[in-house]
Amino acid sequence: MLFKLASIFCIVQLTESLLLRVNEFGLHEAANFTRQWLSMAGPHMKMPEIRQSFYNSFAGGEMTVTNITIKRFVPPLIRFRPSDHSFLYMSTLSGYAQVSAEWSVESQFLHMLKIPLQGQIHAQMTGLISEIAMQITQDNEVEVHHCVAQIRDLRVAFEGSVAADVIHWFRQSVTRAIRRTLEEEYCDMMRNHWLPWVEAQLYQFPTNLTISHSPDVTLIQTMQSIAMTQHHVDVRMRSDLIWDGEFVESGMVENSTLASVEALPRSTRMIDMFIDEHTVQSIIAAAHFAGHLKTKIESPFLKTSCDVLCIGTVLPELAEQVPNRTLSVEAATLSPPVIDLQQGRALVYLNASLNVFAEPPLKTVEGSMLTINVETEFTLTMEMRNKRVKGYINMINAQANLVDSKVGLMSQKTVDFLVNMSTPFLEDAVDVLIGRGLIVADPFQFPSTNEHLSIHDKCLRWEADIVMPTVVAHTNVF
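Residue numbering note: each chain is counted from 1, following its sequence as written. Predicted model: local features are reported for residues with pLDDT of at least 70 only, side-chain atom pairs are reported and counted for 80 or more only, and whole-chain, interface and lining totals are derived from all residues. Calculated side-chain values reflect all of the structure's heavy atoms, with hydrogen atoms and water omitted.

Naming follows an unreviewed UniProt entry, where the protein appears as Lipid-binding serum glycoprotein C-terminal domain-containing protein of Caenorhabditis nigoni. UniProt positions are given in the numbering used here, feature names are shortened, and annotations may be inferred rather than shown by experiment. The annotation that UniProt attaches to the protein under Sequence similarities (unreviewed entry) is "Belongs to the BPI/LBP/Plunc superfamily. BPI/LBP family."

### Notes on the packing of aromatic side chains
Ring geometry is summarised as follows: Phe, Tyr and Trp rings, the Trp one being its six-membered ring, pair when their centres sit within 6.5 Å, and such pairs are stacked at plane angles under 30 degrees, edge-to-face over 60 and tilted between the two. According to the stated counting rule, one finds 4 aromatic pairs in the structure shown. Relative to tryptophan 194, the ring of phenylalanine 80 lies with its centre 6.2 Å away and its plane at 20°, an arrangement referred to as stacked. Placement of the pair is phenylalanine 80 in strand S4 (residues 77-82) and tryptophan 194 in helix H5 (residues 171-203), with a sequence separation of 114 residues. Judged by centre distance (5.9 Å) and plane angle (20°), the rings of phenylalanine 87 and tyrosine 89 are stacked. Of the two residues, phenylalanine 87 and tyrosine 89, neither departs from the other in class, the shared state being buried. Ring-pair connections join several aromatic residues into one group, and the members of that group are Phe33, Trp37 and Trp197. In this description a helix means any DSSP run of H or I spanning at least four residues, a strand means any run of E spanning at least two, and both kinds are numbered starting from the N terminus. In this scheme, a residue with accessible area under 20% of its type's maximum is buried, one over 50% is exposed, and one in between is partly exposed, where area comes from a 1.4 Å probe on protein chains only.

### Description of the pairing of strand S11 (residues 233-243)
Most of S11 is tucked away: 9 of the 11 residues are buried. The pairing of strand S1 (residues 18-22) with S11 spans 5 bridges and is antiparallel. By the bridge assignment, valine 22 is partnered in S11 with valine 233. Examined bridge by bridge, strand S10 (residues 216-228) and S11 share 11 bridges and lie antiparallel to one another. Being paired, for any two strands, means DSSP has found at least two bridges between them.

### Some thoughts on unusual backbone geometry
Cis peptide bonds are those with omega within 30 degrees of zero, and the linkage from glutamate 359 to proline 360 qualifies with 0°. With respect to the helices and strands, the residue proline 360 is situated in the loop between strand S17 (345-359) and strand S18 (370-385). Look at asparagine 67: it is not a glycine, yet its phi comes out positive at around 50°. Here asparagine 67 shows up in strand S3 (residues 60-74). At serine 94, a position not held by glycine, the phi torsion is positive, near 75°. The residue serine 94 is located in the loop between strand S5 (87-93) and strand S6 (96-106) in this model. Overall, the relative accessible area of 36% leaves serine 94 in the partly exposed class.

### Points about the pattern of salt bridges
Each reported salt bridge corresponds to a side-chain nitrogen of Lys or Arg within 4 Å of a carboxyl oxygen of Asp or Glu. Scanning all chains against the criterion turns up 12 salt bridges. Residues arginine 21 and aspartate 234 are paired through a salt bridge, measuring 2.7 Å at the closest nitrogen-oxygen approach. Residue arginine 21 is found in strand S1, and its partner aspartate 234 is found in strand S11; the two are separated by 213 residues along the sequence. Close ionic contact of glutamate 49 with arginine 51 constitutes a salt bridge, the shortest N to O distance being 3.2 Å. When salt bridges with common partners are traced through the structure, they connect Arg21, Asp234 and Glu262 into a single cluster.

### Considerations on the state of the cysteines
Here, two cysteine sulfur atoms that lie within 2.5 Å of each other are counted as a disulfide. Taken as a whole and judged by the stated rule, the model has 2 disulfides. Note that cysteine 147 is cross-linked by a disulfide to cysteine 187, the S-S spacing being 2.1 Å. With the S-S bond torsion at -75°, the cross-link from cysteine 147 to cysteine 187 turns out left-handed. On the criterion of sequence distance, the pair formed by cysteine 147 in strand S8 (residues 142-159) and cysteine 187 in helix H5 is long-range, its members being 40 residues apart. Each member of the pair, cysteine 147 together with cysteine 187, is buried. Across the protein, the disulfide pattern expressed with sequentially numbered bonded cysteines is 1-2, 3-4.

This is the structure in structure tokens:
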């Protein structure tokens, strides 16, 4: 186990090699998502009671406003705006709310007049102008740096006996107190409830890629830093491997992804995920060591006896030595494939073995009949449709050698034919592995739509729109 881990460590070395970019469209959707949250959470805000003293030449006392309840709430328009100095600003405009409350007064003079000292308040709020500045800390956490909120228009009406008319004399001071409370509670709600809720949603997004279950191989992503510009938010991730419970720490290598992605055109989707060539190579290496880069090829042509055309009619010598059999070819990589990501395509160098088996097995042969090693170079292009990635290959060159034969002596013509056939067999094997398509939503479990995958110089680019989760109101949050 230690030897295998040491071998893996020599090949699988990762660094800050995955870049997740939230584009302008993603920030716009995040604003809509926040507005949806406010529409659910706003009516459940619990306001503290307000105490307001009033004085007049003939009366004085203290009014208490309790049971402040938001009856109707239309959330404001929201905009997120990143900046170059690690601040993300959230601004609001417009919005509407109807607020009700109960008031009571403690006044010796009014009490002597036997006037009822309680009633209702009805308020109407129009326009919430606010700015919340969120800062990225040194620990890569998001905290509210400051929050400024202002209600543009607040109209308050008092109901309940003659005392309500007295309170109307102090409408301005009471209105200021209610306005100030609503503004402060809005900032407290966003700081203490909205931001933790956003963090809880982000934690639900998986950051690990399961490469294998036997052995258990997982590529884990750890956030290294968050950077911003005026157009997007970048989350830079570090990649490491866990192999059968053993942590394979990444090595520090030069990261080319961050230098090359800025030259690419701006995406029209919500997020970009850039995976650099080194990480792709490491995933392929892990898949090789886990034994996943192997497949079995079966074909009607691989019969040694047939009436029309098969390998037995092409090679009568093989039909004589292995009569009435169906052959199959198992292809497996001998070493991790080497990949070179170029603009629009990947150049792949592959060293594989082809083992030929007979069904039913030959009594005199244990294991494979023939073993042929192939070294090949091919280009790979990819397309993505309905969450399925398909690859197309174009062989550039290949060299094959017969390593072992257990079916007796064969003529050089038969050997040459089998060796020459190894290249199409290997091409079929690669096509089986990548040509049938890989569903990318399975390993990452991203709730995405409208995906697009492309190959660029030294990196893969995955663009997608994120399906935001449904906002559920929790009345006991506040």
